[in-house]
Amino acid sequence: MASRAAARSFARSAASAARAPIASRVLAAAPRFAARAAAPAVFSSSIQQSRGIKTLNFGGSQEKVYERSDWPKEKLLDYFKNDTIAVLGYGPQGHGQGLNLRDNGLNVIVGVRKDGRSWKKAVAEGWVPGKNLFSIEEAADKGNIVFNLLSDAAQRDLWPTIKPYITPGKTLYFSHGFAITYKDQTHVEAPQGVDVVLCAPKGSGATLRTLFLEGKGLNSSIAVFQDVSGKAHERVVGLGVAIGSGYLYETTFEKEVYSDLVGERGILMGAINGLFRAQYDVLRAQGHSPSEAFNETVEEATQSLIPLIGAKGMDWMYANCSVTAQRGALDWHQKFYDASLPVFKDLYESVKNGSETKRALDKNSQPDYRESLELELEEIRGSEIWRAGETVRSLRPENNK
Ligand SMILES: NC(=O)C1=CN([C@@H]2O[C@H](COP(=O)(O)OP(=O)(O)OC[C@H]3O[C@@H](n4cnc5c(N)ncnc54)[C@H](OP(=O)(O)O)[C@@H]3O)[C@@H](O)[C@H]2O)C=CC1
Ligand SMILES: CC(=O)[C@](C)(O)C(=O)O
Ligand SMILES: [Mg+2]
Ligand SMILES: [Mg+2]
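The shown structure was predicted, so the numbers you read here are calculated from the model rather than taken from an experiment.

What counts and how
Residues numbered from 1 in each chain as written. Chains lettered and ligands numbered in written order. Predicted model: local features only at pLDDT ≥ 70, side-chain atom pairs only at ≥ 80, totals over all residues. Heavy atoms only, no water. Axes fitted to C-alpha atoms, helices over the stretch in contact; angles between N-to-C directions. Helix = DSSP H or I, 4+ residues; strand = E, 2+ residues; numbered from the N terminus. Parallel < 35°, antiparallel > 145°, perpendicular 65-115°, else oblique. Contact = heavy atoms within 4.5 Å. Nonpolar A, V, L, I, M, F, W, Y, C, P; charged D, E, K, R; others polar. Phe/Tyr/Trp six-rings, centres within 6.5 Å; stacked < 30°, edge-to-face > 60°. Buried < 20%, exposed > 50% of the residue type's maximum accessible area, 1.4 Å probe, protein only. Lys NZ or Arg CZ within 6 Å of the ring centre and 35° of its normal. Expected span 1.5 Å × (residues − 1). Bend = angle between axes of the 7 residues up to and from the residue. 1 Å grid on protein atoms, 1.4 Å probe; cavity = no way out; pocket = protein on both sides within 12 Å on 5 of 7 lines; lining within 4 Å. Points joined across faces, edges and corners; volume = space filled by probe spheres on them.

Residue-level account of the packing of helix H15 (residues 290–312) against helix H20 (residues 384–394), with values.
With their axes 9 Å apart at the nearest point, H15 and H20 run at an angle of 85 degrees to one another. Viewed along their axes, H15 and H20 adopt a mutual orientation that is roughly perpendicular. Contact residues: Pro-290, Phe-294, Asn-295, Val-298 and Glu-299 in H15; Glu-384, Ile-385, Trp-386, Ala-388, Gly-389, Val-392 and Arg-393 in H20. The residue inventory of the contact of H15 with H20, partitioned by class, reads seven nonpolar, two polar and three charged.

Could you give me a rundown of the packing of aromatic side chains, with the residues and numbers involved?
Applying the stated rule across the entire model yields 13 aromatic pairs. Residues Phe-225 and Phe-253 carry aromatic rings whose centres are separated by 5.4 Å and whose planes lie at 55 degrees to one another, so their mutual orientation is tilted. Here the residue Phe-225 occupies a position in strand E10 (residues 218–226), and Phe-253 occupies one in helix H13 (residues 253–265), the gap between them amounting to 28 residues. Classification of Phe-225 by relative accessible area gives partly exposed; the value is 44%. Aromatic ring contacts, followed pair by pair, group Phe-178, Tyr-182, Tyr-258 and Tyr-348 into a single cluster. Arg-102 extends its terminal NZ or CZ atom over the ring of Trp-127, reaching a point 4.4 Å from the ring centre. Note that Lys-142 overlies the ring of Phe-134, its terminal NZ or CZ placed 4.9 Å from the centroid.

Please provide a residue-by-residue account of helix H17 (residues 323–352), values included.
In a regular helix each residue adds 1.5 Å, so 30 residues correspond to 44 Å; H17 covers 41 Å between its end C-alpha atoms and thus fits that length. The largest bend in H17 is about 35 degrees, located at Ser-340, with the proline Pro-342 one to four residues further on. Residues of H17 that are buried: Leu-347, Ser-350 and Val-351. Looking at the buried residues of H17, the elements they touch are H13 and helix H18 (355–364). After H17 finishes, the residue Gly-354 shows a positive phi value of roughly 90 degrees.

So what about the environment of Tyr-165? Which residues, and what values?
Position of Tyr-165 among the secondary structure elements: in the loop between helix H8 (159–162) and strand E8 (171–174). Separated by 19 residues in the primary sequence, Tyr-165 and Val-146 have C-alpha atoms spaced 9.3 Å apart. In contact with Tyr-165, other than residues within four places in its own chain, are Glu-137, Ala-140, Asp-141 and Lys-170.

Talk me through the layout of surface pockets; I want residue IDs and the actual numbers.
The volume enclosed by the second largest pocket comes to roughly 1,700 Å³. If you trace the second largest pocket, you find 37 residues lining it, with Leu-275, Phe-276, Gln-279, Met-314 and Phe-336 closest to the centre. Within the residue set of the lining of the second largest pocket, elements represented by two or more residues are helix H14 (270–285), H15, helix H16 (314–319) and H17. The element best represented in the lining of the second largest pocket is H17, accounting for 13 residues. Of the residues belonging to the lining of the second largest pocket, the class tally is 25 nonpolar, nine polar and three charged.

Right under this line is the structure:
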């Protein structure tokens, strides 16, 4: 009973927090359930081992994370003062990482194919041809820390062009374990005499940039594949901070790429799209209007309930919904789990055995790959659910002043 009353009082504080903007909602600190006080010691907080490194308890496992407090701007500037960072590619990551490095005062240049989409974007964002914007080859030549942020297919296709410039003493940096892990398909082998590292922001390059501008940071995964200098780990931590990361989590190239490919095909992008569509279609088939089906499927999820999960976890979101909703969700979640578990197992296998890689490489190396992706996105945009969504979004009070 006590915990029920406590839950109700949380529900009230969360309800008022829910009216605040998302950022302050996330920060709103309300006491947890009374039951939480008796939680096992396993949930206890961190042991600070040394400055900049923390060993934390993640659900019962100890893991090390690195933090940016150990890398203030002056240290970054001094540590990388003799380095030229060449960012190859100017997609979402080239944009986010390149601009954050530049704003942090590091010596950074961009390399993209001349007069392509990325070249034009880079020029529009203040990169100057011949000064800090070059062809891919020129940039790879000039840089001693080379960020390979081309598309994963282009990393395979252009490797023979780039490889001659990755000479001993340089650092080769990726934001994905893809090229190295699937080297049987990409033919990207770690060159001799070169540190090979990874820093993979766990989110879009667009978010990496906006959070940096807001003085926040996106968490990233880091890994070292080849350490020739003996400093590869320290360097990638510094680089991770310099691109605007918050905390850095340790992984391996293989673990990063397996989890990333599963995540984006699964919950983050593929599964969420499939689940939204399925529920919307059932509601529509039962005679609900497009706005009702959209509001009950997408709008409420993105505007109300998912931010609550982000703020304080699944139980917190449940606790802030009616007991009717909680009862039903607790009963039905197992059915969704059972239905999707085999799909996730298939997905993991398809990632691990290289099928997903093969498909991404085949499709995204076609000359018209962008146009065909755009056609598929157009189809989503034109479908009823997302057309209904456009109208619903336009009616959010903040968009309708
Ligand atoms: N998107 C994200 O937020 C995340 C991406 N990553 C990883 O970061 C890396 C970069 O990804 P992302 O930023 O999304 O970029 P994209 O996958 O969108 O790739 C964009 C870059 O690749 C270039 N490119 C593609 N094909 C060619 C080609 N044949 N020749 C020359 N250049 C080519 C494009 O140039 P042009 O415009 O001239 O075609 C563009 O600059 C990838 O390894 C990705 O997996 C990691 C975390 C998140
Ligand atoms: C943004 C991100 O981390 C993804 C979804 O894995 C990607 O864009 O590849
Ligand atoms: Mg990712
Ligand atoms: Mg990815």
